[in-house]
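Summary of structural features
The chain contents come next:
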Amino acid sequence: MKIAVCVKQVPEGARKRIDPTTRRLDRSGEAALNPYDAHAVEEALRVKEATGEGEVVVVSMGPERSADALRKALAMGADRAVLVCDEALAGSDLVATSAALGKALEREALDVVLFGQQGSDSDGAVLWAAVAERLRRPLISQVAELTVKDGSVTGKRQTEFGYDVIEAPLPAVVAVSDAINEPRYPSLKGIMGAKGKPQETLGLEDLGLDAGEAGEAGSRTEVVGLGDPPPRAEARKIEDDGSAAEQIVAFLAEKRLI
């Protein structure tokens, strides 16, 4: 069983900033492994442990500092890391990113490709679908319970009306939700051992891509402008002294909303 997990390094903390010059997310501060991807790494390790054999490969695209996120996954227990890193990839959107990741994954004879449900920086939740399309493989998303056996993968996901149980043949792409497990903390032994695990860096030439298929040149979306949100409209605070309902009705009438 050979499993790849696509991971991403994201800005740490809830606050995100767009650089007004590049119109891209500002990634100059502290960064960490995308928390949603940690669940995907954990699930890959559990599948490997359940089968008793196999390999877990973590794959990421980004600048050199993205290797920190890969090392966190290696410390958790992954066997090998692949970083797609090239200056020409800067500014890649979903289309260009999926092309690069797809080419990197094609180099591996994979049974399962795992993704976290979304990135905490963009909250896009669509990259896994684009990569599955590139690889021409079946996809199951929002998986909260995963079973891999007998040449197929089964995913259980919660819906508005209950649960879906979906089965797909291997090889397949699976996006897991954060409800699927509780990621393990890297042990000191794991952290030290991560330093000696294989870590490969690939550029565009290694992937067989040209500059026109990467970065802004290979992207199909463009940020044309940035602006601050409009100021909040006039607000009125109503204290409930027994006449709150009447005050609300009067306020709505004043605004000609009723």
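Everything discussed here concerns the structure shown above.
One structure accompanies this document, and this report is about it. The model shown is predicted, which means the values in this text are computed figures rather than measured ones.

**A closer look at the sheet that holds strand S12 (residues 162–169)**
On the basis of which strands lie adjacent, the open sheet formed by three strands has the order S10-S11-S12 and antiparallel pairing. The open sheet has two edge strands, strand S10 (145–149) and S12, and neither has a second partner. With strand direction ignored, the average angle separating the axes of adjacent strands in the sheet is 15°. Here five bridges tie S10 to strand S11 (residues 152–159), and the two strands are oriented antiparallel to one another.

**Details of the sheet that holds strand S7 (residues 80–84)**
Strand order in the open sheet made by the seven strands is S9-S13-S8-S1-S6-S7-S14, with parallel pairing throughout. Looking at the sheet topology across the chains shown, the edges are occupied by strand S9 (139–143) and strand S14 (199–202). Across the sheet, the axes of successive neighbouring strands diverge by a mean angle of 20°, strand direction being ignored. As judged from the four bridges shared by strand S1 (residues 2–6) and strand S8 (residues 112–116), these two strands associate in the parallel manner.

**Quick word on the nonpolar core**
In this structure, Val5, Val41, Val58, Leu114, Leu146, Val153 and Val174 are the most contacted members of the largest nonpolar core, which totals 36 residues. In terms of residue count, helix H2 (residues 67–76) provides more of this core than any other element does, seven residues in total. In terms of nonpolar packing, the next biggest core, distinct from the first, is built from 26 residues, Val59, Val82, Leu105 and Val131 among them.

**Observations regarding the pattern of salt bridges**
Scanning the entire structure with this criterion turns up 14 salt bridges. Across the pair Arg80 and Glu55 runs a salt bridge, and its minimum N-O distance is 2.9 Å. Pair noted here: Arg80 is in strand S7 and Glu55 is in strand S6 (residues 55–61), with a separation of 25 residues, a long-range link. You can call Arg80 buried: its relative accessible area is 16%. Residue classification places Glu55 among the partly exposed residues on the basis of a relative accessible area of 24%. Lys237 is the partner of Glu239 in a salt bridge, and the nearest nitrogen-oxygen pair spans 3.6 Å. Each of the salt bridges in this network shares a partner with another, and the network as a whole consists of Lys2, Glu55, Arg80 and Glu108.

**What to know about the packing of aromatic side chains**
Each aromatic ring pair is described using two quantities: the centre-to-centre distance and the angle formed by the ring planes. Across all of its chains, the model carries zero aromatic pairs by this definition. Its end group placed over the ring of Tyr163, Lys156 keeps NZ or CZ at 4.5 Å from the ring centre.

**Let's talk about the environment of Thr147**
Along the polypeptide, Thr147 turns up in strand S10. What makes Thr147 partly exposed here is its relative accessible area of 36%. Separated by 68 residues in the primary sequence, Thr147 and Asp79 have C-alpha atoms spaced 21 Å apart. Ignoring sequence-local partners within four residues, the contact set of Thr147 consists of Ser152, Val153 and Thr154.

Rules and cut-offs
- Residues numbered from 1 in each chain as written.
- Predicted model: local features only at pLDDT ≥ 70, side-chain atom pairs only at ≥ 80, totals over all residues.
- Heavy atoms only, no water.
- Pairing = 2+ DSSP bridges.
- Helix = DSSP H or I, 4+ residues; strand = E, 2+ residues; numbered from the N terminus.
- Axes fitted to C-alpha atoms, helices over the stretch in contact; angles between N-to-C directions.
- Core = buried A, V, L, I, M, F, W, Y, C linked by side-chain atoms within 4.5 Å.
- Buried < 20%, exposed > 50% of the residue type's maximum accessible area, 1.4 Å probe, protein only.
- Salt bridge = Lys/Arg side-chain N within 4 Å of Asp/Glu carboxyl O.
- Phe/Tyr/Trp six-rings, centres within 6.5 Å; stacked < 30°, edge-to-face > 60°.
- Lys NZ or Arg CZ within 6 Å of the ring centre and 35° of its normal.
- Contact = heavy atoms within 4.5 Å.

Just distances and angles here, no functional claims.
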